[in-house]
Amino acid sequence: MKLQKKISREIYNQCELCPRRCGIDRTKQHGFCGMGALITAAKADLHKWEEPCISYKNGAGTVFFSGCGLHCVFCQNNVISNENYGASLTNEKLADVFLALQNRGADNIELVTPTHFIPDIIEALDKVKHRLTIPIVYNSGGYELKETIDSLDGYIDVYLPDLKYYSSEISARYSSAPDYFRYASEAIIAMTEQAGELKWNSDGGLIKGTIIRHLVLPSCRHDSIRIMEWIAENTTTDEVLVSIMNQYTPFDHIPEEYPELRRRVTKMEYNSVVKRAAELGLNGFTQEKSSASEKYVPDFDLKGIE
Ligand code: SF4
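Residues numbered from 1 in each chain as written. Predicted model: local features only at pLDDT ≥ 70, side-chain atom pairs only at ≥ 80, totals over all residues. Heavy atoms only, no water.

Side note on the overall build of the protein
Convention followed: Only runs of H or I of at least four residues qualify as helices and only runs of E of at least two qualify as strands under DSSP, and these elements are numbered from the N terminus. Buried residues are those whose accessible area, probed at 1.4 Å on protein chains only, stays under 20% of the maximum for their type, while exposed residues exceed 50% and partly exposed ones sit between those limits. The contact criterion used throughout is that any non-hydrogen atoms of two residues lie within 4.5 Å. Computed with a 1.4 Å probe, the accessible areas rest on the Shrake-Rupley method; for each residue, only the protein chains presented here act as cover. Residues scored as charged are limited to Lys and Arg (positive) and Asp and Glu (negative), so that His and the chain ends carry no count. Note that the charge is assigned to NZ on lysines, CZ on arginines, CG on aspartates and CD on glutamates.
What the protein contains, in helices and strands, is 8 helices and 10 strands. Considered along the principal axes of its C-alpha atoms, the protein spans approximately 50 × 45 × 35 Å. Buried positions account for 58% of the 306 residues belonging to the protein. A separation of at least 24 residues holds for 73% of the contacts in the protein among residues at least 6 apart in sequence. Summed over its atoms, the accessible surface of the protein is roughly 13100 Å², and 48% of this surface lies on carbon and sulfur atoms. Distance between charge centroids for the protein: 2 Å, based on 34 positive and 42 negative side chains.

What follows is the structure, given as C-alpha cells:
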C-alpha cells in the first residue's frame, strides 16, 4: 500500500474534491454537486440489479448518496442526483448504516456517487473497518481527480466507475464537462493500479479489481466504440472487466432541447458496441434490452438512512 495524504473534512471549507474545483466553503453554501458539508443519502438497502459478481447472493449493500458532480441531463437517479433528495446523517450514523447492511447479509458495501462525501466516508470506514468483512465497492460517474482517488488507497476493494464519454462535445452537451474524458481516464488508470488484479470469492463475488461501466446513448455508438478501444489500449483483462449497459431510458425529465435523447438505443447501436468490445478481446458483461425500464430505478424512500 502506498502512503497517501488522507483527505480530511477540512477540504469542505474550500472544496476541491472533484474536477469542478468549486473552491467554495461547503459549511456555508452548496457546490456544483448541490451538497453542503452534511452527508446526505436517499437509501441504504440490498440491491439486486448490479453486475452478477457485485450482486451475487443477497444483493449489494448499496448506499445512494444525494447530489452529484456531473448532473447528466438523462440521469436515471434524477431525484437524488439533480434534485438533491435525501436526509442528512453524521459519519457515526453512516458507520452504523454500513454495519447494518452487513448484518442483513449484504454481499458488499457499495458506495454510489460518493465523491463529494469522501472525507466523511473515510471517517465512517475508519470507525468500523475492523468489523467489516465484506468488500467496499466505489461506484462513481468517473469524473474524479486522481489525487482524490489516491487518497482512497487501502479503503476500496472494487472500483465500479463509469466511462461515459470520449468526445468533449458530447460530455459538454450532456454533463457540462468538456474535460470529462481527460479526468475520467486518468482516474480510472489510478483505480486499476490501486485495486490491482481481479479476484473472486468462492461464491463468484468480486473482491478486488475494477469494472468499467459504459451506458450506450442514442446516436453515440461511435463514441462508445472509441471508449472500448481506449479500454483495450490502456488496461488489461487481468485487472478490468467492462460492463456495456443497455438500460438507457428516455425519462420525462429530459429537457426539450435534447430531442435526440428522447428515444431508446436501437439493437443495431448496442450490438455494434458489443461486437467491437468482443473483437478487442474485452471481458465483462452485456445487458438485456428489458433492463431499459423505469422499474429498475430504485424507490428513494430513505430506507436504511432514517
Ligand atoms: S465535490 Fe462538489 S463542491 Fe466540491 S469541487 Fe466537486 S462539485 Fe464542487
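Notes on the site of the ligand
Inclusion rule: Throughout, near means a residue has at least one heavy atom within 4 Å of the molecule or strand. The classification used treats Ala, Val, Leu, Ile, Met, Phe, Trp, Tyr, Cys and Pro as nonpolar, Asp, Glu, Lys and Arg as charged, and all other residues, Gly among them, as polar.
Around the ligand, the neighbouring residues are C15, L17, C18, R20, R21, C22, R26, G31, F32, C33 and H116. Class assignment of the residues belonging to the shell around the ligand gives a composition of 6 nonpolar, 2 polar and 3 charged.

Remarks on the side chain of S66
Formally: Any N or O atom pair separated by 3.5 Å or less is treated as a polar contact, with the protein-specific requirement of one donor-capable and one acceptor-capable atom, and with residues adjacent in sequence counted only for side-chain atom pairs.
As for its position among the elements, S66 is in the loop between β2 (60-65) and α1 (78-81). Within the structure, the side chain of S66 is placed 2.7 Å from the backbone oxygen of Y85, a separation counted as a polar contact. Aside from chain neighbours lying at most four places away, what touches S66 is M35, T40, A41, A42, I80, N84, Y85, G86, H116 and F117.

Observations regarding the environment of A232
Position of A232 among the secondary structure elements: in helix α7 (residues 221-234). Expressed as a C-alpha distance, the spacing of A232 and L17, which sit 215 residues apart in the sequence, is 29 Å. When sequence neighbours within four positions are dropped, the list of residues in contact with A232 reads L280 and L282.

Observations concerning unusual backbone geometry
Positive phi, normally seen in glycine, also occurs at T113, with a value near 55°. If you check the backbone angles, L302 has positive phi at about 70° while not being a glycine. As for its position among the elements, L302 is in the segment after β10 (284-285). Accessibility expressed as a relative area gives 11% for L302, which makes it buried.

Digging into the nonpolar core
How we decide: By convention a nonpolar core is built from buried Ala, Val, Leu, Ile, Met, Phe, Trp, Tyr and Cys residues, the set being connected through side-chain atoms within 4.5 Å.
F74, F98, L163 and Y174 are the most contacted members of the largest nonpolar core, which has 83 residues in total. The dominant element in this core, judged by the number of residues it contributes, is helix α6 (residues 180-195), at 9 residues. Apart from the residues within four sequence positions on either side, Y174 is in contact with H71, C72, V73, F74, Y165, L217, C220, Y258, E260 and L261. If you look at the next biggest cluster of nonpolar residues, it comprises 11 residues, including C53, I54, A60 and L198.

Quick word on the packing of aromatic side chains
We count it as follows: Note on aromatic contacts: the rings of Phe and Tyr and the six-membered ring of Trp form a pair at centre separations within 6.5 Å, being stacked when their planes are under 30 degrees apart, edge-to-face when over 60 apart, and tilted otherwise. As a reminder, the over-ring test applies to NZ of lysine and CZ of arginine, requiring each to be within 6 Å of the ring centre and within 35 degrees of the ring normal.
Summed over all chains, the structure comprises 11 aromatic pairs. Ring centres of Y143 and Y183 lie 6.0 Å apart, and the angle between their planes is 85°; on these two criteria the pair is classed as edge-to-face. Placement of Y143 in the loop between β5 (136-140) and α4 (146-150) and of Y183 in helix α6 is noted, with a sequence separation of 40 residues between them. The pair Y143 / Y183 is uniform in exposure class, with both members buried. Linked through ring pairs, F74, Y174, Y248 and Y258 together constitute an aromatic cluster. When the ring centre of Y183 is taken as origin, the NZ or CZ atom of R182, which lies over that ring, is 4.5 Å away.

So, the pairing of strand β6 (residues 158-161)
Let me state the cut-off plainly: At least two bridges found by DSSP between two strands are what make those strands a pair.
The alternating pattern of β6 places V158 and L160 and Y159 and P161 on opposite faces, both of which are buried. By the bridge criterion, 4 bridges tie β5 to β6 in an arrangement that is parallel. Across the sheet, residue S140 finds its bridge partner in β6, namely P161. Sheet analysis places β6 next to strand β8 (residues 206-215), joined by 2 bridges and oriented parallel. Bridge assignment links Y159 to a residue of β8, and that residue is T210.

Re the packing of helix α2 (residues 91-103) against helix α3 (residues 118-128)
Our working definition: Lines fitted to C-alpha atoms define the axes, with helix axes restricted to the stretch in contact, and inter-axis angles between N-to-C directions lie between 0 and 180 degrees. Throughout, the term roughly parallel applies to angles under 35 degrees, roughly antiparallel to angles over 145, roughly perpendicular to angles from 65 to 115, and oblique to all others. Each helix crossing is assigned a hand: it is left-handed if the near helix lies turned anticlockwise from the far helix by less than a right angle, otherwise right-handed if that turn is clockwise.
Packing of α2 against α3 leaves a shortest axis separation of 8 Å and a crossing angle of 60°. Judged by the angle between their axes, α2 and α3 are oblique. For the pair α2 and α3, the crossing hand works out as right-handed. Between α2, through N91, E92, L94, A95, F98 and L99, and α3, the contact on the second element is made entirely by D120, I121, E123, A124, L125, K127 and V128. The residue inventory of the contact of α2 with α3, partitioned by class, reads 8 nonpolar, 1 polar and 4 charged.

Considerations on the pattern of salt bridges
Keep this limit in mind: Every case where a carboxyl oxygen of Asp or Glu lies within 4 Å of a side-chain nitrogen of Lys or Arg is listed as a salt bridge.
According to the stated counting rule, one finds 20 salt bridges in the structure shown. Close ionic contact of E233 with R226 constitutes a salt bridge, the shortest N to O distance being 3.9 Å. The structure contains a network of salt bridges with shared partners spanning R226, E229, E233, K275, R276 and E279.

Overview of the pairing of β5
Counted residue by residue, β5 has 5 buried out of 5 residues, so it is predominantly covered. Both faces of β5 are covered, namely the face carrying I136, Y138 and S140 and the face carrying V137 and N139. Here 4 bridges tie strand β4 (residues 109-112) to β5, and the two strands are oriented parallel to one another. Across the sheet, the residue bridging to L111 is Y138, located in β5.

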